[in-house]
Amino acid sequence: MKHVIVILDGASGEPLPHYGNRTTLELAYTPHLDALAKAGQVGLAYNVPPGVEPSSNTACTSIVGFDPLDYPIGRGALELSALGIELAENEVALRANLCHVSPDGIMVSYSCGNISSADSSELADELKAQLDDDTCTLYKGTGFRLYLVVKGRPGLMQTELAQAHNITDLAVADYPPKGPEAEFIADYMMRANTILASSAANAKLAAAGKLTATGLMCFWPGERPKDMPAFADIYGSQAALNSGVDLLVGIAALTGIDRYDFPGVSDGPDNDFAAQGEGALTMLEQHDIVFVHIEAPDAEGHDGNIEGKRLAVEAIDREVISRLRTYGDKTPLRILALPDHPTPVLSKRHTADPVPFVMAGPGIDPNSGVRLTEFEAAKTGRKVDPGYKLLAEFLSK
């Protein structure tokens, strides 16, 4: 028996008043997900425990089958592990976003227009040349994602830092750092912004008609992760994973899950969905448990793009789910598909609400669900709380 888990990052959301109070999942044309829903089970998964930040590191840790309350890994450290960088005991890692902030201080884009890794690399080189020292080291990630490692400042773990994607359209100055290392990190970001203001790499972006990086925002501090057990030790099989973002790759690195890269798989709307669908089949030929994480719906949700989010969900259905269903016609295959958390397009930020899931395949008896939507999932009465238990149910049925 083969098992595949498809994570539609941020795909669920809230009713849209100008669209008949339907959510993006309800607006999307998803014949393949609908077929799975009618053949299998639809329900709600509570991936974010009460009182915990509704971020992807928490929600995706749940989906991969680990209790996020047992493994509260700071996202900066988690994503850095994807780069093969192990923190020392006296180091704290933070995410550092390249952003576009307007001249009057409004957060226009938390991702600098979803800047490419090639463009962000040039900006990072300029920042590193002037900011790296014995205390601070900046590392390159994927796209707009950079990482700051700070030595000897443990107070950063208790410092309140605004998340760039949560203050879109708001004044950055209204969300200053607060806490024991507020002055230190505020000074670092101010110096970075000064460098960006006269950046040669930014001048090239402007000349090409691209959004420039006018701000660097640091948040999500994390320390050296405590040892997590290997996925195979808990679930009895070696798993594989593909994702265009560092976060999921970091989870895989910490839990011993095999990581696959496929050309064209990205962290945004330019993702090659067909390549990711074909990649899923490649992984299934070599593993019995496969995770496919697709970031595009979340990126469109943070940008407030209703149509873009709908199209991303439809592309997942058309290019990924369709291929998996065809594969399942010849090989015994169970499919589990779900968002990690909601990213409503009107608020442009994550919520902790439960998300709909659908699972289908041999040995899974159908319930009353007919679509992968918030309403259908709630109507079935099927709930998995806490959400990290869903994977064990999916694998054991």
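In this text the structure is predicted, and so the values were computed from the model without any measurement.

Caption draft 1: Local environment of the pattern of salt bridges. According to the stated counting rule, one finds 22 salt bridges in the structure shown. In this structure, Asp125 and Lys140 form a salt bridge, with 2.7 Å as the shortest nitrogen-oxygen distance. Linking Asp125 in helix α5 (residues 117–131) with Lys140 in strand β5 (residues 136–140), this pair joins segments that are 15 residues apart in sequence. Taking relative accessible area as the criterion, Lys140 reaches 34% and is therefore assigned partly exposed.

Caption draft 2: Main features of the environment of Glu79. Looking at where Glu79 falls in the secondary structure, it is placed in helix α4 (residues 75–81). Judged by relative accessible area, Glu79 falls into the buried class, the value being 1%. In this structure the C-alpha to C-alpha distance between Glu79 and Ile257, which are 178 residues apart in sequence, comes to 15 Å. When sequence neighbours within four positions are dropped, the list of residues in contact with Glu79 reads Arg95, Tyr147, Asp246 and Leu247. There is a polar contact of 2.8 Å between the side chain of Glu79 and the side chain of Arg75. Of the polar contacts made by the side chain of Glu79, one reaches the side chain of Tyr147; its length is 2.9 Å.

Caption draft 3: The side chain of Asn57, seen in detail. One can find Asn57 in helix α3 (residues 56–63). Assessed through its relative accessible area of 9%, Asn57 is described here as buried. Ignoring sequence-local partners within four residues, the contact set of Asn57 consists of Ile73, Arg75, Leu78, Leu247 and Ile251.

Caption draft 4: Expanded view of the pairing of β5. By the bridge criterion, 5 bridges tie β5 to strand β6 (residues 145–151) in an arrangement that is antiparallel. When the sheet's bridge partners are listed, Cys136 is paired in β6 with Val150. Taking the residues between adjacent antiparallel strands as the criterion, β5 and β6 are bridged by 4 residues, where Gly143 takes a positive phi near 60°.

Caption draft 5: View of helix α7 (residues 200–207). For α7, every residue scored as buried is listed here: Ala201, Asn202 and Leu205. Along the axis of α7, the buried residues cluster in a sector spanning 100°; they form a single face. Turned more than 90 degrees from where α7 packs its buried face, Lys204 and Ala207 sit exposed. In this fold, the buried residues of α7 make contact with α5 and α6 (182–197).

Caption draft 6: Focus on the packing of aromatic side chains. With the rule as written, the count across this model stands at 6 aromatic pairs. Here the aromatic rings of Phe66 and Tyr71 are separated by 5.8 Å at their centres, their planes lie at 80°, and the arrangement is edge-to-face. On the basis of relative accessible area, Phe66 is assigned to the buried category, the value being 2%. Taking relative accessible area as the criterion, Tyr71 reaches 23% and is therefore assigned partly exposed. By the ring-pair criterion, three or more aromatic residues cluster together here, those being Phe231, Tyr235 and Phe291. Stacked on the ring of Tyr139, the Lys or Arg Lys128 has its end atom at 5.8 Å from the ring centre.

Conventions adopted
Residues numbered from 1 in each chain as written. Predicted model: local features only at pLDDT ≥ 70, side-chain atom pairs only at ≥ 80, totals over all residues. Heavy atoms only, no water. Salt bridge = Lys/Arg side-chain N within 4 Å of Asp/Glu carboxyl O. Helix = DSSP H or I, 4+ residues; strand = E, 2+ residues; numbered from the N terminus. Buried < 20%, exposed > 50% of the residue type's maximum accessible area, 1.4 Å probe, protein only. Contact = heavy atoms within 4.5 Å. Polar contact = N/O pair within 3.5 Å; in protein donor to acceptor, adjacent residues only side chain to side chain. Pairing = 2+ DSSP bridges. Arc of directions from axis to C-beta. Phe/Tyr/Trp six-rings, centres within 6.5 Å; stacked < 30°, edge-to-face > 60°. Lys NZ or Arg CZ within 6 Å of the ring centre and 35° of its normal.

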